[in-house]
Amino acid sequence: MSSPETGPVPEGTAADLPAVAPQLRALRRRASLTLETAARSAGLSPAHLSRLETGQRQPSLPMLLALARVYGTTVSELLGETVADRDAVVRAAGMEPTRAGGWTYWQAGAPGRGMQALRVHVPHGSQGDIVRVHPGEEWLHVLQGRLRLRLGDTTHLLGPGDSAHFDSLTPHRIAAEDAGGVDLLFLHTLLQSPTAALCLGPMTGDMP
């Protein structure tokens with residue numbers, strides 16, 4: 001995995017999100033970290049972190065993830081989101097199913113956050129040879145059926161109760177092993193955008 005210190009963010013990613021510069025500085029000070037210490041822990045140069053805190057540069061997703069870990073917080077807090085802005089509870093009756101390419105999704109978390117939570121049904125044979133590579137982290141937990149998960153050159157077979165947690169920059173592929181499909185819980189730290197509402201399944205259009 002490359003260092004989180006990259007060039008300016010392409011149009012349509014973090015640059016479209018609210019300015020995070022004041023929040024980055026406030027959270028670093030709350031953590032009682034010097035600019036040099038925080039930058040080193042996040043894999044950035046002090047000069048680069050200083051430019052982020054003064055708004056001269058916009059952070060990429062890997063930078064936000066790294067800084068959130070260093071400051072002991074979440075990407076949502078780095079972006080200035082507050083729990084009061086959103087409902088904390090998602091009721092079962094409000095989880096409307098969304099279908100794409102044979103997959104079925106239920107939003108299990110609040111929309112627009114830095115972490116996406118889904119309940120997913122993956123039918124057998126629906127994804128083919130699609131392999132995903134994108135920024136972020138993913139965690140999944142198998143509820144029913146068996147899941148075949150390919151991470152890089154390694155294939156894992158997961159059964160009910162099994163979980164996986166991996167870096168999304170690792171090429172990965174998810175498929176149902178059994179004819180009845182597989183049901184799973186899925187968490188993803190992908191920042192939301194109009195073209196990234198769902199990050200699983202055989203997508204159409206410009207999806208991650």
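Fair warning: this is a prediction, and the values are worked out from it, not measured in the lab. (Residues numbered from 1 in each chain as written. Predicted model: local features only at pLDDT ≥ 70, side-chain atom pairs only at ≥ 80, totals over all residues. Heavy atoms only, no water.)

**Student:** Lay out unusual backbone geometry with the relevant residues and their values.
**Tutor:** Phi is positive for S32, which is not a glycine, with a value near 55°. Within the secondary structure layout, S32 lies in the loop between α1 (21-30) and α2 (35-42). Exposure remark for S32: the relative accessible area of 66% places this residue in the exposed category. (Helix = DSSP H or I, 4+ residues; strand = E, 2+ residues; numbered from the N terminus. Buried < 20%, exposed > 50% of the residue type's maximum accessible area, 1.4 Å probe, protein only.)

**Student:** Any chance you could break down the sheet that holds strand β5 (residues 147-151) for me, citing the residues and the numbers?
**Tutor:** Within the open sheet, the three strands sit side by side as β6-β5-β8. Their pairing is antiparallel. Edge positions in the sheet fall to β6 (154-158) and β8 (172-176), since each has one partner strand and no second. Each adjacent strand pair in this sheet contributes to an overall mean axis angle of 20°, direction not counted. Pairing of β5 with β8 involves five bridges; the strand directions are antiparallel. Paired with R150 across the two strands is R173, which belongs to β8. (Pairing = 2+ DSSP bridges. Axes fitted to C-alpha atoms, helices over the stretch in contact; angles between N-to-C directions.)

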